[in-house]
Amino acid sequence: MATKHEQILQHIDRLPIGSKISVRQIAKDLDVSEGTAYRAIKEAETQGYVSTIERVGTVRIEKKQKENIERLTFAEVVNIVDGHVLGGREGLHKTLNKFVIGAMQLEAMMRYIDAGSLLIVGNRYQAHKIALQQGAAVLITGGFDTSEEVKQLADRLALPIISSSYDSFTVASMINRAIYDRLIKKEIVMVEDVLKPLAETPVLLPSDTVAKWHQYTELYQDTRFPVVDEQMRLIGIVTSKDIIGHDQTATIDKVMTKNPITTSPRVSVASSAHMMVWEGIELLPVVDNHRKLVGVLSRNDVLKALQFTAKQPQMSETFPNLIMSHFREERQADELVYVGDVTPQMTNHLGTIASGIMTTVMVEAACNLLRQHRRGDMVPENITVYFLKPVQMESSIRVQPRLLDISRRFGKVDVSVYHGEQLVGQAMITAQIVDR
């Protein structure tokens, strides 16, 4: 039987897209406490099918698939630009396809506007009206209002008209930043993207016998199975090592490994791979917040996912990528070195290279060197850094990694940083190697 928390989640999931949700109403409709309703609504928001909008409330939205993660709903735009909704609240769940800045003549502007667009414009009532008629939402900058006619049109067409106190350039930058961040997230494969779901996962009950484990190994060609209770809560895992020496009639609860290591659907595959290598396990049960089994992650699933992401085109850049873009790779006397300049963005309030930037450069140089010797992902385990001398803005530095030791699972690198011939920083970095 489903818990109250699960019943609320199922109820929210069944609500029509665009419905407004309140803690008080959920508590009243389902006869639960407001605390229970609040926790369930927050989890629905985490799972991406509910959005809370300032001055509007909580709205049931369409859950975005991974391939559309770069798209934003108008509800999210309201939050991003700290705006308030003047009309068309019923359309806040809709997704925008593109945005257009209305800094041109009305006739020219309308050539770029189509259904699903967002027009960013000032207090130009006629532009607001025509954009809505063409199926586009409107974002009014500068904190301006619009006419009652336009608000009524927005309500009738269920197309949001939003006002923000920011100027057009700032608003466009904020929306771009949000899309850019989503592209970075798109590259990060999560456990929920690659796990074997519960419907395809064979499970054993604690009352089952070792004989059933043997039947499962022949049927599913596997030796590792999660053990669950009647409510599908994970209570253990059983592998061939647990079975050795036990009679066929022994029950699973007597031989299983209790309290196994687990992971969550919203953890990255790279993090889970690190855990599996570190703990030496082949099968990782995936559980929800109530320890109910939602699937399993095998080492093969992880390897396939990491191979897939390695083949994907780079869609966006993280801070380490941006920092290393200022450095070029060179070979000097058969040694790999990185040479680059300290840009103003890399400095601290004193105008010298920031310690975090220096550390990032040394870690990236070390991991790049290890990748030349071992194929896989490098996960830094231990970093000891010495900042010997400050390096001024616009100085040229040379980063020189040197391999000290490498095995199948670990690598150790010494990194020296020079300004001219002067040693300005040094680090000892140990990284774990996760095979792909």
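For the structure, check the block above.
Here is what the cut-offs are and how they apply
Residues numbered from 1 in each chain as written. Predicted model: local features only at pLDDT ≥ 70, side-chain atom pairs only at ≥ 80, totals over all residues. Heavy atoms only, no water. Helix = DSSP H or I, 4+ residues; strand = E, 2+ residues; numbered from the N terminus. Rg over C-alpha atoms; globule rule 2.2 N^0.38 Å. Buried < 20%, exposed > 50% of the residue type's maximum accessible area, 1.4 Å probe, protein only. Areas by Shrake-Rupley, 256 points an atom, 1.4 Å probe, with all protein chains shown as cover. Lys, Arg positive; Asp, Glu negative; His and termini not counted. Charge placed at Lys NZ, Arg CZ, Asp CG, Glu CD. Pairing = 2+ DSSP bridges. Axes fitted to C-alpha atoms, helices over the stretch in contact; angles between N-to-C directions. Contact = heavy atoms within 4.5 Å. Phe/Tyr/Trp six-rings, centres within 6.5 Å; stacked < 30°, edge-to-face > 60°. Polar contact = N/O pair within 3.5 Å; in protein donor to acceptor, adjacent residues only side chain to side chain.

## Brief notes about the overall build of the protein
Phase 1 of the analysis: For the protein, the count of helices and strands is 16 helices and 22 strands.
Phase 2 of the analysis: Relative to its length of 436 residues, the protein is extended, with a C-alpha radius of gyration of 28 Å against a globular reference of 22 Å.
Phase 3 of the analysis: Across its three principal axes, the protein shows a C-alpha extent of roughly 80 × 70 × 35 Å.
Phase 4 of the analysis: Out of the 436 residues in the protein, the part that is buried amounts to 44%.
Phase 5 of the analysis: About 22,600 Å² of surface is accessible on the protein, with carbon and sulfur atoms providing 50% of the total.
Phase 6 of the analysis: Put simply, the protein has 50 plus and 52 minus side-chain charges, and the middle of one group is 1 Å from the middle of the other.

## Quick notes on the sheet that holds strand β10 (residues 161–163)
Phase 1 of the analysis: Strand order in the open sheet formed by five strands is β5-β10-β9-β8-β7, and the pairing between neighbours is mixed. Edge strands, defined here as strands with exactly one partner in the open sheet, are β5 (84–87) and β7 (98–101). Neighbour-to-neighbour, the strand axes of the sheet open up by a mean angle of 25 degrees, direction not taken into account.
Phase 2 of the analysis: As paired elements, strand β9 (residues 137–140) and β10 share three bridges and run parallel to each other. By the bridge assignment for β10, I140 is matched with S163.
Phase 3 of the analysis: Relative to the sheet, helix α6 (residues 125–133) contacts β8 (117–121), β9 and β10, its axis offset from that of β9 by approximately 155 degrees.
Phase 4 of the analysis: Lying on the sheet, helix α7 (residues 148–157) is in contact with β5 and β10; it crosses β5 at an angle near 90 degrees.

## Some details on the packing of aromatic side chains
Phase 1 of the analysis: As enumerated under the stated definition, the model contains three aromatic pairs in all.
Phase 2 of the analysis: Ring geometry for Y216 against Y220: centres 5.2 Å apart, planes inclined by 75 degrees, an arrangement best described as edge-to-face. A residue pair is termed a helical-turn pair when its members lie 3 or 4 positions apart in one helix, as Y216 and Y220 do in helix α10 (residues 210–220) at four residues.
Phase 3 of the analysis: Overall, the relative accessible area of 40% leaves Y220 in the partly exposed class.
Phase 4 of the analysis: Centre to centre, the rings of Y216 and F225 are 5.4 Å apart; their planes meet at 80 degrees, and the pair counts as edge-to-face. One exposure class covers both Y216 and F225, and it is buried.
Phase 5 of the analysis: In this structure an aromatic cluster arises from ring pairing among Y216, Y220 and F225.

## Some details on the sheet that holds strand β14 (residues 257–258)
Across a sheet, paired strands are connected by hydrogen bonds in the backbone, their directions being either parallel or antiparallel.
Phase 1 of the analysis: Across the sheet, three strands lie side by side as β12-β13-β14; this open sheet has antiparallel pairing. Strands at the two margins of the open sheet, each flanked by one partner only, are β12 (225–228) and β14.
Phase 2 of the analysis: In this structure, strand β13 (residues 234–238) lies alongside β14, joined through two bridges in antiparallel fashion. Bridge pairing links G236 to K258 in β14.

## Some remarks on the environment of Q432
Phase 1 of the analysis: Position of Q432 among the secondary structure elements: in strand β22 (residues 422–434).
Phase 2 of the analysis: Along the chain, Q432 and D377 lie 55 residues apart, while their C-alpha atoms are 8.2 Å from each other.
Phase 3 of the analysis: Within polar-contact distance, the side chain of Q432 engages the side chain of E381 at 2.9 Å.

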